[in-house]
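Breakdown of the fold
In case you want the letters, here they are:
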Amino acid sequence: MKIYNTLTRKKETFSPLEEGHVQLYVCGITSYDYCHIGHARSGLVFDMVVRYLRYRGYKVTFVRNFTDIDDKIIARAAEQGVDSGKLAERFIDEFYTDMDALGALRADIEPKATEHIQEMIELIQELIDKGLAYPAGGDVYYRVGKFPDYGMLSGRKLEDMQAGARVDVNEQKEDHMDFVLWKGAKPGEPKWESPWGEGRPGWHIECSAMSRKYLGKNFDIHGGGKDLIFPHHENELAQSVGANACSFANLWMHHGFVTIKDEKMSKSLGNFLTIRDVLREYPAETLRFLIFSTQYRNPLDFSETALQDAQTGLDRMYDCLAQISRLVLAAETGSDSLIGQKDQKKIQSMRQRFEKAMDNDFNSAQALGHLFDGIKVLNKVCRMLAHQQGSAEDLELLKQAGATIQELAGLLGVLQQDPVQYFQEKKEALLAASSLSEEEINALIAERNAARQNKDWAASDAVRDTLLAHNIELHDGPDGTSWGVKA
RNA sequence: GGCGACGUAGCCAAGCGGUAAGGCAGAGGUCUGCAAAACCUUUAUUCAGCGGUUCAAAUCCGCUCGUCGCCUCCA
């Protein structure tokens, strides 16, 4: 497997420190508001990473933290006149609601910053003892100039940053680039006891402390969004390497942003959609499908059209599976195989091609492409077998192909419903929103069929138009007329 | 100003030195009384532009243009 490493700026062959066991730390949310689509991407990307690594036979220890104490939380709580701890807790619950709705697996360990204050204090003390940090006026700062590798992750030099720096003037810092490890408490703010007085941890220290506690000083993969590279991950790296005097995460994975009209979706721009905004209009599976139709490092432009395209594509996949399951149940078998060698090969190589794509830095877009490629062949085969008897082996191949597609798509968390049921439920949901009942529709169809018997095409078409006006589409097939609701 | 990423058909998106996957939309066909739906087939001599390296470049190098991101909280 190859994974792109932000630290080295290239794809590297992945091999965990401990044979067969991957240790993964991902930066989770700061819990003060509902999650938006960007958080969904983050959650889903690492959900896929974990699922795929496990599929590949690795044991995965997946840690994802919650930042439940922070300036933004305090500010929001003050705004709303609620306790900051309660606010943080509430939005952690909301996070779970959303991630569960998206079908994302939970992390194995989900540490909260406020439950690891002691570990952070110890780490800060170590840094002070090593001369890498200094207390000043109730705060403690990291002495960036003492860490020669500062900037190695984000690829920037201290001098360059200072030149155009937009950092707030802080008289207590020895250097403008120094960052805070511990913040002295102002009146009324949440606080904890520490050797430097009452206060709370800075943002970056929690990840250094918690990753060390749960995964050790040196572990395999550290992940998050691209916006965390600087300063968050750069600072984490400085803290951990500084304190532990050994490598920190061997590989850094950063996913791209969700954009709207090519601009980053963010709170400050106000152009964000929450996960629940989207889930009100579209199934979670559709959102997942959309997110995985772009490789995780590239930007993903979010739009209504993109969502609809994803929905159409997903329906097409389900339709193929539904055809297969109907055929497998109903078809009679003969002795001659109808599936050509080339098609057989395409079908059978699906898994291998999917794996190759995923092995290449989790290229889910290409992996889905291979699945569609297989579906095209399977559709052709289904059509053939619907008209002529194929061999028992033909049906077995179809059945296995359907199961394989569902298994592989499951690594992306899509295509997990029973296909026949999927369309049935969809139909019911749409019908519920329609102005006609099933009985009325059936009565109208009977009426039209009578007209068709009499070759009264005008009357027949009038009924069809009436139904269409209510979003009901008729499908005339060899076995009679069925109907569906137009989406 | 510093650093970085990206620019592939109408739209989305793979491609990582060997001659352009896939999806959506479009066009033709099968089916149909006609349709619709579904399915099948098809759609880039060319990868922002210009140079260079190479037997061979969308892929490597340089420059130009454009878009975006980070440098401040951010997934």
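Use the structure listed above.
Below or above, wherever it landed, is the structure these notes cover. (Residues numbered from 1 in each chain as written. Chains lettered and ligands numbered in written order. Predicted model: local features only at pLDDT ≥ 70, side-chain atom pairs only at ≥ 80, totals over all residues. Heavy atoms only, no water.)

1. Topic: the protein's contact with RNA strand B
Taken together, 55 residues are adjacent to RNA strand B, and Lys 72, Trp 203, Gly 225, Met 265 and Asn 363 come closest. If you look at RNA strand B and keep only atoms within 4 Å of the protein, 62% of those are sugar or phosphate atoms. At a separation of 2.8 Å, a phosphate oxygen of RNA strand B approaches a polar side-chain atom of His 39. Broken down by element, the residue count for the surface near RNA strand B peaks at eight residues, all from helix 13 (residues 364–387). Of the residues in the surface near RNA strand B, the class split is 13 nonpolar, 21 polar and 21 charged. (Near = heavy atom within 4 Å. Polar contact = N/O pair within 3.5 Å; in protein donor to acceptor, adjacent residues only side chain to side chain. Helix = DSSP H or I, 4+ residues; strand = E, 2+ residues; numbered from the N terminus. Nonpolar A, V, L, I, M, F, W, Y, C, P; charged D, E, K, R; others polar.)

2. Quick notes on the packing of helix 1 (residues 37–55) against helix 12 (residues 350–359)
The N-to-C vectors of helix 1 and helix 12 enclose an angle of 125°; their axes lie 12 Å apart at closest approach. One way to sum up the angle between helix 1 and helix 12 is to call them oblique. Where helix 1 crosses over helix 12, the handedness of that crossing is left-handed. Packed against helix 1, whose contacting residues are Met 48, Tyr 52 and Tyr 55, the element helix 12 presents Arg 351, Glu 355, Met 358 and Asp 359 at the interface. Residues that form the contact of helix 1 with helix 12 fall into these classes: four nonpolar, no polar and three charged. (Axes fitted to C-alpha atoms, helices over the stretch in contact; angles between N-to-C directions. Parallel < 35°, antiparallel > 145°, perpendicular 65-115°, else oblique. Left-handed = near helix turned anticlockwise from the far one by under 90°. Contact = heavy atoms within 4.5 Å.)

3. Digging into the sheet that holds strand 4 (residues 59–64)
Spatial strand order, 4-3-9-10: four strands in an open sheet with parallel pairing. Where the open sheet ends on each side, the last strands, each with one partner, are strand 4 and strand 10 (249–255). Taking each pair of neighbouring strands and ignoring which way they run, the sheet shows an average axis angle of 20°. Across six bridges, the pairing between strand 9 (residues 219–225) and strand 10 is parallel. Across the sheet, Gly 225 pairs through a bridge with His 255, a residue of strand 10. Sitting on the sheet, helix 6 (residues 205–215) touches strand 3 (21–26), strand 4 and strand 9, and the angle it makes with strand 3 is about 160°. (Pairing = 2+ DSSP bridges.)

4. A closer look at the pairing of strand 17 (residues 480–485)
Pairing geometry for strand 16 (residues 472–477) and strand 17, over six bridges, is antiparallel. Looking at strand 17, one finds that Ile 472 is bridged to Val 485. Hairpin connection, strand 16 to strand 17: the antiparallel pair is bridged by two residues.

5. Overview of a negative patch on the surface
Residues Asp 418, Glu 425, Glu 428, Glu 438, Glu 439 and Glu 440 make up a contiguous surface patch of negative charge. Counting only elements with at least two residues in the negative patch, the list comes to helix 15 (419–432) and helix 16 (438–453). Of the residues forming the negative patch, the biggest block, three residues, is contributed by helix 16. As for its placement among the helices and strands, Glu 439 is situated in helix 16. (Patch = residues over 30% accessible without salt bridge, like charges linked within 9 Å, V, L, I, M, F, W, Y side chains within 5 Å. Areas by Shrake-Rupley, 256 points an atom, 1.4 Å probe, with all protein chains shown as cover. Salt bridge = Lys/Arg side-chain N within 4 Å of Asp/Glu carboxyl O. Lys, Arg positive; Asp, Glu negative; His and termini not counted. Charge placed at Lys NZ, Arg CZ, Asp CG, Glu CD.)

6. Some remarks on the layout of surface pockets
One simple way to see leftover space: roll a probe sized like a water molecule over the atoms. Quantified by volume, the largest pocket comes out at close to 1,600 Å³. Surrounding the largest pocket, 41 residues form its lining, Asp 319, Arg 326, Phe 423, His 475 and Trp 483 being those nearest its centre. Classifying every residue of the lining of the largest pocket gives 18 nonpolar, twelve polar and eleven charged. Among the domains, domain 2 (304–417) and domain 3 (434–485) are the pair contributing at least three residues each to the lining of the largest pocket. (1 Å grid on protein atoms, 1.4 Å probe; cavity = no way out; pocket = protein on both sides within 12 Å on 5 of 7 lines; lining within 4 Å. Points joined across faces, edges and corners; volume = space filled by probe spheres on them. Domains from an automatic or database assignment.)

7. Observations concerning the side chain of Thr 6
Tracing the backbone through its elements, the reader meets Thr 6 in the loop between strand 1 (2–5) and strand 2 (10–13). Ignoring anything within four residues of it in the chain, the contact list for Thr 6 reads Leu 153, Ile 229, Trp 252, Met 253 and His 254.

Shape descriptors only; they carry no functional weight alone.
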